[in-house]
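# Observations on chain architecture
Now for the letters of each chain:
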Amino acid sequence: DGGITQSPKYLFRKEGQNVTLSCEQNLNHDAMYWYRQDPGQGLRLIYYSQIVNDFQKGDIAEGYSVSREKKESFPLTVTSAQKNPTAFYLCASSIGGITDTQYFGPGTRLTVL
Amino acid sequence: GQNIDQPTEMTATEGAIVQINCTYQTSGFNGLFWYQQHAGEAPTFLSYNVLDGLEEKGRFSSFLSRSKGYSYLLLKELQMKDSASYLCAALYGGATNKLIFGTGTLLAVQP
C-alpha cells in the first residue's frame, strides 16, 4: 500500500531538548511538506522541499530544521529555539509542487513538558 | 493578506443536507481545495475546484465562484461518520505559489 507514514504518533519531550519527527512516503512524490496545526488556527507551513537536497522555509520556519537526503524521507527537527513547540505536526507530499494535491500523513502530536 | 474565512462550527441532522461556506481573497487566486479531517487524524482530500461551477462526487459536491471569492462544500444524506472538521484551502500563484488554509469548520452530525 502506498502512503505517508509519520512516527511516533505521540511524543513527549522536556523543554530545551531537540526532537526529530519522522516522515516517510512511498508514493514516489517529488514534493514534501511539514505543517503545524494548533487549535483555532489553520495549518501553517513550516518547510517544504520540491526535490532531493533542496528545501525552502515556509511561514513559520524559526526554531525548526529539515533535511531531504532521500526522495522518500523528510525529517523535521524541532529545536530548543522553538518558543512554543507543543502542537500537532503533519507531513504531506504531492506529486509535483504546491499546485498539486497534497496528501497527508497521520500526524505526530508533540508535547513539550 | 490572503484571509480564508469559514464558519467555526455547524450542526446538522443525520440524513439531511449541509452546506459549508468558504470565502477567500481573489487576487492571485488559482484554485480551491477541500479536505476532511477527523479529530486527531490526517486531513484527507475531498475536492479541488479551478473553474466556476459545481463538481459532484457522490454525496459530496463542491462549488466555486471565482469572481465572488466564494466556495462551498455540500454534503448530502448526512451520516454520523461525516462528523469532522472540513478545511478550505486556497491556492495562490504569482512569484511563488502558496496554499493558505482556513481554520476549518467543525461539523457535528446528530441522530
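Residues numbered from 1 in each chain as written. Chains lettered and ligands numbered in written order. Predicted model: local features only at pLDDT ≥ 70, side-chain atom pairs only at ≥ 80, totals over all residues. Heavy atoms only, no water.

## Quick notes on the packing of aromatic side chains
Considering all chains together, one arrives at 19 aromatic pairs over all chains under this definition. Centre to centre, the rings of Phe33 of chain B and Phe45 of chain B are 6.3 Å apart; their planes meet at 65 degrees, and the pair counts as edge-to-face. Linking Phe33 of chain B in strand S4 (residues 29–37) with Phe45 of chain B in strand S5 (residues 44–49), this pair joins segments that are twelve residues apart in sequence. Under the relative-accessibility criterion, Phe45 of chain B is labelled partly exposed at 26%. Residues Phe63 of chain B and Tyr72 of chain B carry aromatic rings whose centres are separated by 4.9 Å and whose planes lie at 15 degrees to one another, so their mutual orientation is stacked. Joined through ring pairs, the aromatic side chains of Tyr33, Tyr35, Tyr48, Tyr103 and Phe104 of chain A together with Phe33, Tyr35, Phe45, Tyr48 and Phe101 of chain B make up one cluster. (Phe/Tyr/Trp six-rings, centres within 6.5 Å; stacked < 30°, edge-to-face > 60°. Helix = DSSP H or I, 4+ residues; strand = E, 2+ residues; numbered from the N terminus. Buried < 20%, exposed > 50% of the residue type's maximum accessible area, 1.4 Å probe, protein only.)

## What about the pattern of salt bridges?
Between side chains of opposite charge, a pair can form as their charged atoms come close. Per the counting criterion, the structure on display carries six salt bridges over all chains. Measuring nitrogen to oxygen at the nearest pair gives 2.7 Å for the salt bridge that ties Asp38 of chain A to Arg36 of chain A. The same class applies to Asp38 of chain A as to Arg36 of chain A, namely buried. Taking the shortest distance from any N to any O, the salt bridge between Asp82 of chain B and Arg59 of chain B comes out at 2.8 Å. (Salt bridge = Lys/Arg side-chain N within 4 Å of Asp/Glu carboxyl O.)

## Some remarks on the sheet that holds strand S8 (residues 76–78) of chain A
Residue and element names in this part refer to chain A. Ordered in space as S1-S3-S8-S7, the four strands form an open sheet in which the pairing is antiparallel. Two strands close off the open sheet at either side, each with one partner strand: strand S1 (4–7) and strand S7 (64–66). When the angles between neighbouring strand axes are averaged without regard to direction, this sheet yields 20 degrees. Sheet topology note: the strand S3 (residues 19–25)/S8 ladder contains three bridges and is antiparallel. Its bridge partner lying in S8, Thr20 is registered against Thr77. (Pairing = 2+ DSSP bridges. Axes fitted to C-alpha atoms, helices over the stretch in contact; angles between N-to-C directions.)

## Digging into the environment of Thr5 of chain A
Residues and elements named next belong to chain A. Within the secondary structure layout, Thr5 lies in strand S1. Exposure remark for Thr5: the relative accessible area of 47% places this residue in the partly exposed category. Along the backbone, Thr5 and Ala92 are 87 residues apart, and their C-alpha atoms lie at a distance of 9.6 Å.

## Let's talk about the interface of chain A and chain B
With 19 residues of chain A in contact, the opposing surface of chain B contributes 17 residues. Together, the buried faces of chain A and chain B total about 1,400 Å²; carbon and sulfur atoms form 61% of this surface. Of all residues in chain A, the largest losses of buried area upon contact with chain B belong to Ile98, Thr99 and Phe104 of chain A, amounting jointly to 31% of the total for that side. At the junction of chain A with chain B, the criterion picks out one salt bridge. Note that Lys98 of chain B and Asp59 of chain A form a salt bridge whose closest N and O atoms lie 3.1 Å from each other. Going through the elements one at a time, strand S4 (31–37), strand S9 (87–94) and strand S10 (103–104) of chain A are the ones with two or more residues in the side of chain A that touches chain B. Per-class residue counts for the side of chain A that touches chain B are eight nonpolar, eight polar and three charged. (Contact = heavy atoms within 4.5 Å. Buried area = accessible area lost by both parts, 1.4 Å probe. Nonpolar A, V, L, I, M, F, W, Y, C, P; charged D, E, K, R; others polar.)

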